[in-house]
Amino acid sequence: MTYMAGLVVRASNVDKLLEDMDSFGRKAFEDAGATDMWITQSVMAGDGVGEIFITSDWDSIDAAVTAPDDLRERPEFIEAMKNAGIETLRRSLVQIRAQRGELNGKFGSLVVSAGAQQDQATIDANADAIWEHMQNGSTGLRWTQGIAAGPLTGMYLTVSTSDSLDDLMSASNQMFADPDIQGRMAEMGFQLIGRSLFRRLA
């Protein structure tokens, strides 16, 4: 199993944050065991607009919990957070349940939903069916489930990326209109909780 850890912050100097993450932050995460790391900013998210997500992938919960804490105690990270005016808002941990494509688009969507627990075979089958539509407007799609995520614990969080939000939303609308997809959602008691749009910063 693999996991995605998210640190949500606000920054008074976003450019400084990106400069430091590019110069040493990304490599430090990779050296600590992260298999991927990226930074996004919410642009359409209600009260959450402007929030910055520093997201990293890990092969174990132990690594996802301890490595970022160890990094933040290093002098260069303490100085970087001070210089960028970082205000930590919350931290979350989710399990990656499935992925299709690559999450390398310039923009993205985060959909939060509730529903019954599903076994891995069902999740994979649903992922294939949904990707048939979403690949027409998305570079990648990832299904996750909250493990320690405040009020989102137990919920499904679906991340999709694209170089065009118009293309992404067109594919999404087609997917939701498909009777087969509607049937799959009905079987799991799918409930749409919310959606936010973001841009990738690094």
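Details of the structure are given in the entry above.
As the structure is a computational prediction, the values presented were derived from the model and not from experiment.

Trainee: Would you take a moment to explain the sheet that holds strand β1 (residues 2–11) for this structure?
Mentor: Hydrogen bonds between backbone groups are what pair the strands of a sheet, and the pairing can be parallel or antiparallel. The strand order around the closed barrel built from 8 strands is β1-β3-β2-β8-β5-β7-β6-β4, with neighbouring strands paired in antiparallel fashion. For this sheet, the mean inter-axis angle between neighbouring strands, taken without regard to orientation, is 35°. Across 4 bridges, the pairing between strand β2 (residues 36–44) and strand β8 (residues 191–200) is antiparallel. Looking at β8, one finds that serine 42 is bridged to phenylalanine 198. Packing against the sheet, helix α2 (residues 61–72) makes contact with β1, β3 (52–58) and β4 (86–101), and its axis sits at approximately 145° to β4. Lying on the sheet, helix α4 (residues 120–134) is in contact with β4 and β6 (140–148); it crosses β4 at an angle near 90°.

Trainee: I'm lost on the pairing of strand β7 (residues 156–162) in this one. Help?
Mentor: The element β7 is extensively covered by neighbouring structure, given that 7 of its 7 residues are classed as buried. Alternating positions in β7 separate into two faces, Tyr156, Thr158, Ser160 and Ser162 on one and Leu157, Val159 and Thr161 on the other, with burial throughout. Pairing geometry for strand β5 (residues 107–114) and β7, over 7 bridges, is antiparallel. The partner of valine 111 across the bridge, within β7, is threonine 158. Looking at chain direction, β6 and β7 are connected through 6 bridges and run antiparallel.

What counts as what
Residues numbered from 1 in each chain as written. Predicted model: local features only at pLDDT ≥ 70, side-chain atom pairs only at ≥ 80, totals over all residues. Heavy atoms only, no water. Pairing = 2+ DSSP bridges. Helix = DSSP H or I, 4+ residues; strand = E, 2+ residues; numbered from the N terminus. Axes fitted to C-alpha atoms, helices over the stretch in contact; angles between N-to-C directions. Contact = heavy atoms within 4.5 Å. Buried < 20%, exposed > 50% of the residue type's maximum accessible area, 1.4 Å probe, protein only.

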